[in-house]
Amino acid sequence: MYINDNRIVITLDAGGTNLVFGAMRGCEYITDPITYPSNAHDLDLCLDTMVRGFREVIDSLDETPAAISFAFPGPADYPNGIIGGYLPNFPSFRDGVALGPFLEKEFGIPVFINNDGDLFAYGEALCGALPEINRRLANAGSNKRYRNLLGYTFGTGFGVGLVVNGQLNRGDNSCVETFCLPHKTKSGIIAEEGVAVRAIKRVYAEASGDFGHNFEPKEICEIADGKREGNAEAARKAFAEFGEIAGDSMAIAAQLIDGIIVIGGGITAARHWILPSLLLELRGKFSTLGGDTVNRLQMEVFNLDDSTDFEKFAKGNPKTISIQGTNVTVEYDDMKRIGVTFSKLGASKAISAGAYAFALSKIDEKK
């Protein structure tokens, strides 16, 4: 929808260490990134740094941007642009900061702030995975099209965003989350303890007995691949358990949303070790008290990055049936199905694309 839009939106990747400023047109970056320290410990200094970065990007453009739009990590009243609450990476914002109104006053253009998981999902839905999947379906001759998407980010935490019927679902409290769902195998523990950087490091330590290791997930993946010295079995177990816990949480949301699942984030470099157990969870079965077996998801789940799986996904199960009492027939496809794919944009670009599309969609609503 916004891939061919000529309007410019200023973006920001806000991290606890650095603020990275940029500009987008048509879901593509049009400026080189400008990076400044976040100065997250000092509110006034952090705000001054934001103004400086945004001003530098705007001054480099030949036209006035339509908006500023970006993700901010942590709890917030996003519709009103107010940041506050428990923010480990931005401690100076904990008492509440009207960041959106502050920036609107400073620059005189609309400002939109959202959760990074929400924007990842929205970017993939409008500029990334979803339009690409629908193009592939059309090229394969399928009439099936998708408008619902679950976006997940694997990284420091377990982020999520929901797009329903092409619209971002932020909920009534800007509080759509799955990190706090129950951990599949650890009673009373949140799922994020199994789906995060710390989980991979912990499980590797437990499985290998090397509790003093300093490996990061990238290095643990290299161990699993046999490219680095270490306990390969423990490394593979760490990623398999990660996929199991992630898949368990995803199954709950997928049954409610009934759409494509897109995954991004740095840990997806180990997707070949994560995906088997994740798909096993999504394709799992439960039993009724009467002894019947029921598929956990009432849709078949396909790996959309596998050519054989995608071919089956696109084909479906077409049938011809007769209208009762007539000689007329109708065609229908009785295969209910969703798919899992990994981000081709990359999480950072998908978040910026989501910020871009969200800002323009809100501006267009007012026309």
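Relevant structure appears above.
Bear in mind the structure is a predicted one, so any value in this text is a computation, not a measurement.

Reading the values: the criteria
- Residues numbered from 1 in each chain as written.
- Predicted model: local features only at pLDDT ≥ 70, side-chain atom pairs only at ≥ 80, totals over all residues.
- Heavy atoms only, no water.
- Helix = DSSP H or I, 4+ residues; strand = E, 2+ residues; numbered from the N terminus.
- Buried < 20%, exposed > 50% of the residue type's maximum accessible area, 1.4 Å probe, protein only.
- Contact = heavy atoms within 4.5 Å.
- Areas by Shrake-Rupley, 256 points an atom, 1.4 Å probe, with all protein chains shown as cover.
- Lys, Arg positive; Asp, Glu negative; His and termini not counted.
- Charge placed at Lys NZ, Arg CZ, Asp CG, Glu CD.
- Patch = residues over 30% accessible without salt bridge, like charges linked within 9 Å, V, L, I, M, F, W, Y side chains within 5 Å.
- Salt bridge = Lys/Arg side-chain N within 4 Å of Asp/Glu carboxyl O.

Enquirer: Could you give an account of the overall build of the protein, naming the residues involved and the relevant values?
Expert: Summing up its helical and strand segments, the protein has ten helices and 18 strands in all. Taking the principal axes of its C-alpha atoms as reference, the protein extends roughly 70 × 65 × 40 Å. For the protein, the proportion of its 367 residues judged to be buried stands at 50%. Intrachain contacts of the protein at a sequence separation of at least 6 include 62% that bridge at least 24 residues. When the accessible surface of the protein is totalled, it reaches about 17600 Å², and 49% of it is carbon and sulfur. If the 36 positive side-chain charges of the protein are averaged to one point and the 47 negative ones to another, these points end up 5 Å apart.

Enquirer: Report on a nonpolar patch on the surface, specifying residues and quantitative values.
Expert: A cluster of nonpolar side chains, contributed by I321, I323, V328, V330 and Y332, occupies part of the molecular surface with about 380 Å² of accessible area. Looking at the secondary structure, you find I323 in the loop between strand 16 (318-322) and strand 17 (329-333).

Enquirer: Summarise the environment of G166; cite the residues concerned and give the values.
Expert: Tracing the backbone through its elements, the reader meets G166 in the loop between strand 10 (158-164) and strand 11 (167-168). The sequence separation of G166 and N148 amounts to 18 residues, and the corresponding C-alpha distance is 6.4 Å. Once residues within four sequence positions are removed from consideration, G166 is found in contact with Y122, L126 and R147.

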